[in-house]
Amino acid sequence: LLIIAALVITAALFATRPPDTGTSQAIVPTLEPPDPGTYRVLVAQIEPLRNPTERPVSRLIVDNLDQLLNKNVPNSSIRIAEYGNIIISDEQARQVAEANHASVIVWGNYTDQAVTLNIQVGSLKAFSDLQTMDPTFVERTVNVQVRLTDEQAQSIAQPVLAILFVLHLSQGDA
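As the structure is a computational prediction, the values presented were derived from the model and not from experiment.

Parameters at a glance
- Residues numbered from 1 in each chain as written.
- Predicted model: local features only at pLDDT ≥ 70, side-chain atom pairs only at ≥ 80, totals over all residues.
- Heavy atoms only, no water.
- Phe/Tyr/Trp six-rings, centres within 6.5 Å; stacked < 30°, edge-to-face > 60°.
- Helix = DSSP H or I, 4+ residues; strand = E, 2+ residues; numbered from the N terminus.
- Buried < 20%, exposed > 50% of the residue type's maximum accessible area, 1.4 Å probe, protein only.
- Core = buried A, V, L, I, M, F, W, Y, C linked by side-chain atoms within 4.5 Å.
- Contact = heavy atoms within 4.5 Å.
- Lys, Arg positive; Asp, Glu negative; His and termini not counted.
- Salt bridge = Lys/Arg side-chain N within 4 Å of Asp/Glu carboxyl O.
- Polar contact = N/O pair within 3.5 Å; in protein donor to acceptor, adjacent residues only side chain to side chain.
- Expected span 1.5 Å × (residues − 1).
- Axes fitted to C-alpha atoms, helices over the stretch in contact; angles between N-to-C directions.
- Parallel < 35°, antiparallel > 145°, perpendicular 65-115°, else oblique.
- Left-handed = near helix turned anticlockwise from the far one by under 90°.
- Nonpolar A, V, L, I, M, F, W, Y, C, P; charged D, E, K, R; others polar.
- Arc of directions from axis to C-beta.

Enquirer: Quick rundown of the packing of aromatic side chains? Include the residues and the values.
Expert: Following the criterion strictly, the structure yields one aromatic pair and no others. Consider the rings of Tyr39 and Phe127, whose centres lie 5.1 Å apart with planes at 25 degrees: the pair is stacked. In this pair, Tyr39 is assigned in strand E1 (residues 39–45) and Phe127 in the loop between strand E5 (115–121) and helix H4 (136–142), connecting sequence segments 88 residues apart. As far as burial versus exposure is concerned, Tyr39 and Phe127 are alike and both buried.

Enquirer: Tell me what's going on with the nonpolar core, and back it up with residues and numbers.
Expert: Core analysis: the largest hydrophobic core is formed by 30 residues, its most contacted members being Val41, Leu65, Ile156 and Val160. Counting only elements with at least two residues in this core, the list comes to E1, helix H2 (57–71), strand E3 (78–86), strand E4 (102–110), E5, H4 and helix H5 (157–171). Leave out the neighbours within four places in its chain, and Leu65 touches Val41, Val43, Asn70, Ile80, Ile156, Ala157 and Val160. Among the nonpolar cores identified, the runner-up in size contains 11 residues, and Ala44, Ala93, Ala97 and Trp107 belong to it.

Enquirer: Tell me what's going on with the side chain of Arg40, and back it up with residues and numbers.
Expert: Within the secondary structure, Arg40 is located in strand E1. Summary of buried charges: Arg40 has no salt-bridge partner, and the nearest side chain of opposite charge, Asp35, is 7.7 Å away. Among the polar contacts listed, one links the side chain of Arg40 to the backbone oxygen of Asn100, at a separation of 2.8 Å. Once you skip the residues sitting within four places of it in the chain, Arg40 turns out to touch Leu31, Glu32, Pro33, Pro34, Arg79, Ala81, Asn100, His101, Ala102, Ser103 and Val104.

Enquirer: How would you explain H5 if you had to name every residue and give the values?
Expert: In this model, H5 (15 residues) spans 21 Å end to end at C-alpha, consistent with the 21 Å of a helix rising 1.5 Å per residue. Every buried residue belonging to H5 is among Ala157, Pro159, Val160, Ile163, Leu164, Leu167, His168 and Gln171, and all of these are buried. Positive backbone phi, approximately 90 degrees, marks Gly172, located one or two places after H5.

Enquirer: Explain the packing of H2 against H5 to me, and be specific about the residues and the numbers.
Expert: Packing of H2 against H5 leaves a shortest axis separation of 10 Å and a crossing angle of 55 degrees. Here H2 is positioned oblique relative to H5, judged by the angle of their axes. Handedness of the H2/H5 crossing: right-handed. Of the residues in H5, those in contact with Leu65, Leu68 and Leu69 of H2 are Ala157, Val160 and Leu161. Residues of the contact of H2 with H5, tallied by class, amount to six nonpolar, no polar and no charged.

Enquirer: Give a detailed account of helix H3 (residues 90–99), specifying residues and quantitative values.
Expert: What H3 keeps buried is the set Ala93, Val96 and Ala97. Taken down its axis, H3 places every buried residue within 100 degrees of arc, on the same side. Each element contacted by the buried residues of H3 is listed here: E1, E3, E4 and E5. The positive-phi residue at the C-terminal boundary of H3 is His101, with phi of around 55 degrees.

Enquirer: Outline the pattern of salt bridges, listing residues and values.
Expert: Applying the stated criterion to the full structure yields six salt bridges. In this structure, Asp66 and Lys71 form a salt bridge, with 3.3 Å as the shortest nitrogen-oxygen distance. By relative accessible area, Lys71 is classed as exposed at 60%.

Here it is, written out as C-alpha cells:
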C-alpha cells in the first residue's frame, strides 16, 4: 500500500510540472522602453575576475558615457542606461539588448590591472530599415573589445559612437 501511495504521489508531482522543452531560457530583466527617436546604450554590470579590489566600474562607465554623449551634446538622442546584471556571453548580450531595446550593449570583466569591455551591436529596433537585415555583417564590422587600464580617465565613447554611426549609415541616415 505504501508503494502504491508513493507511486501516485510521484506521478502527481510529474503531472503538475510543465513539460521540459529542452530550451530553458532565463528570464531577462527589462527596463522601460526608450523614448521614440532615441538610441539606448546599455552598460551591464562588469564582472570582477580573480578577486579584485571592489570598485564601481559599471557606474564610472555609465557616468562617463552619459556626460560625453548626452549631457555635453545639446538635444542628444543617445540615452545611457545601466543594466543590473552581469553578462557573460555574446548570445546573452544579444538577448539582453533585444529585450531592452538597446542599440549598443557594453559588458565585460575587470581585474586589479585592467577592465576588458565588449562593445557590440544590440537591438536593431530603433533602425526600422534594418529590421529584416541579418546583423552578422554589421556585428563582424563594428563589434570591438577594448581594454582600459584606468576607467576613470579613459572612455569608450568613440567605439559606441562608431557603432551608432555604422547603424545609421547602413540605414542610409548618415
